[in-house]
Amino acid sequence: MGVHALALVTGLAFSSVAAALALSKDELKSAREAIAAEFKAARADCQSLSANTKDICMAKAGGREKVAKAELAARDKPSVDASYKLRVARAGSDYLVAKEICDDKAGNAKDVCLKEAKAVDVAAKADAKAKMKTANANNVASEKGADARNEASAARRDAEHAVAREKCDIFAGDAKSSCLIDAKARFGKF
């Protein structure tokens, strides 16, 4: 098994995201075992390589494992925090691979390569943080909007109930009582 098998497993994992929000214990265990098996196979594939090519291969394998674990966690318990951790795992994985690729260079070219890799890593993590904060702010705004709509609806019902009660003032006796009871029932004021 190699990179292609891991891509297939990852693709299948993503295709089932919409199917279920949380995984059963058996599904979770099976997915963890699949991730471990893929990492072991990828690591074994790297053993035939040498020097920095082997280091790059190992960094890619380790990065795929971390990303797969973060994807599994996000799939098992979807949340803003899980999405953030997944983005950070991807950025960290990309950074580790980029650092290994930079090792093939020397002198100023290597320094520039490392700085560029770090800049991409910092930007990706900053974007992940911004997306997390935006999602949290949107959630709070959505909740506040719902609260405001509920308050407005209650105020509207109260005002309409007051109008209905006022209309009952033209009646007297049992007719007025009946009108008030009807107004209370219509506006849920028991």
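The relative placement of two packed helices is expressed as an angle between their axes plus a distance between the axes. Close contact between helix 5 (residues 107-168) and helix 6 (residues 173-186) brings their axes to 9 Å; oriented N to C, the two are set at 170 degrees. As judged from the angle between their axes, helix 5 and helix 6 are roughly antiparallel. When helix 5 is examined against helix 6, the residues H161, A164, R165 and C168 are found in contact with a partner set consisting of K176, C179, L180, A183, K184 and R186. For the contact of helix 5 with helix 6, the residue count by class is five nonpolar, one polar and four charged.

Moving on, we get to the side chain of N52. Note on placement: N52 falls in helix 3 (residues 51-76). You can call N52 buried: its relative accessible area is 12%. Within the local environment of N52, its side chain forms a polar contact with the backbone oxygen of E100, the two atoms lying 2.7 Å apart. Once residues lying within four places of it in the same chain are set aside, the contact partners of N52 are E100, I101, D103 and D104.

As a further point, take the confidence of the model for the protein. Here the protein shows a mean pLDDT of 82. Residues at 70 or above account for 88%. Within the protein, no element has a lower average pLDDT than helix 1 (residues 3-15), which sits at 42, and none a higher one than helix 6, at 91.

Under the criterion given, the structure shown has three disulfides. The disulfide bridge from C46 ends at C57, spanning 1.9 Å between sulfur atoms. Measuring handedness by torsion sign, the sulfur bridge of C46 and C57 sits at about -80 degrees and is left-handed. Within this pair, whereas C46 is found in helix 2 (residues 25-46), its partner C57 is found in helix 3, the two being separated by eleven residues in sequence. Look at C57 and you get buried, because its relative accessible area is 16%. One disulfide bridge connects C168 with C179, the sulfur atoms lying 2.0 Å from each other. On the sign convention where negative is left-handed, the bridge of C168 and C179, at about -80 degrees about the S-S bond, is left-handed.

This brings us to helix 5. The terminal C-alpha atoms of helix 5 lie 91 Å apart, and with 62 residues this matches the ideal 92 Å at 1.5 Å per residue to within 8%. All buried positions along helix 5 are accounted for by C113, A117, D121, A128, M132, H161, A164 and C168.

Each value, and the rule that gives it
- Residues numbered from 1 in each chain as written.
- Predicted model: local features only at pLDDT ≥ 70, side-chain atom pairs only at ≥ 80, totals over all residues.
- Heavy atoms only, no water.
- Axes fitted to C-alpha atoms, helices over the stretch in contact; angles between N-to-C directions.
- Helix = DSSP H or I, 4+ residues; strand = E, 2+ residues; numbered from the N terminus.
- Parallel < 35°, antiparallel > 145°, perpendicular 65-115°, else oblique.
- Contact = heavy atoms within 4.5 Å.
- Nonpolar A, V, L, I, M, F, W, Y, C, P; charged D, E, K, R; others polar.
- Buried < 20%, exposed > 50% of the residue type's maximum accessible area, 1.4 Å probe, protein only.
- Polar contact = N/O pair within 3.5 Å; in protein donor to acceptor, adjacent residues only side chain to side chain.
- pLDDT = per-residue confidence, 0-100.
- Disulfide = S-S within 2.5 Å.
- Expected span 1.5 Å × (residues − 1).

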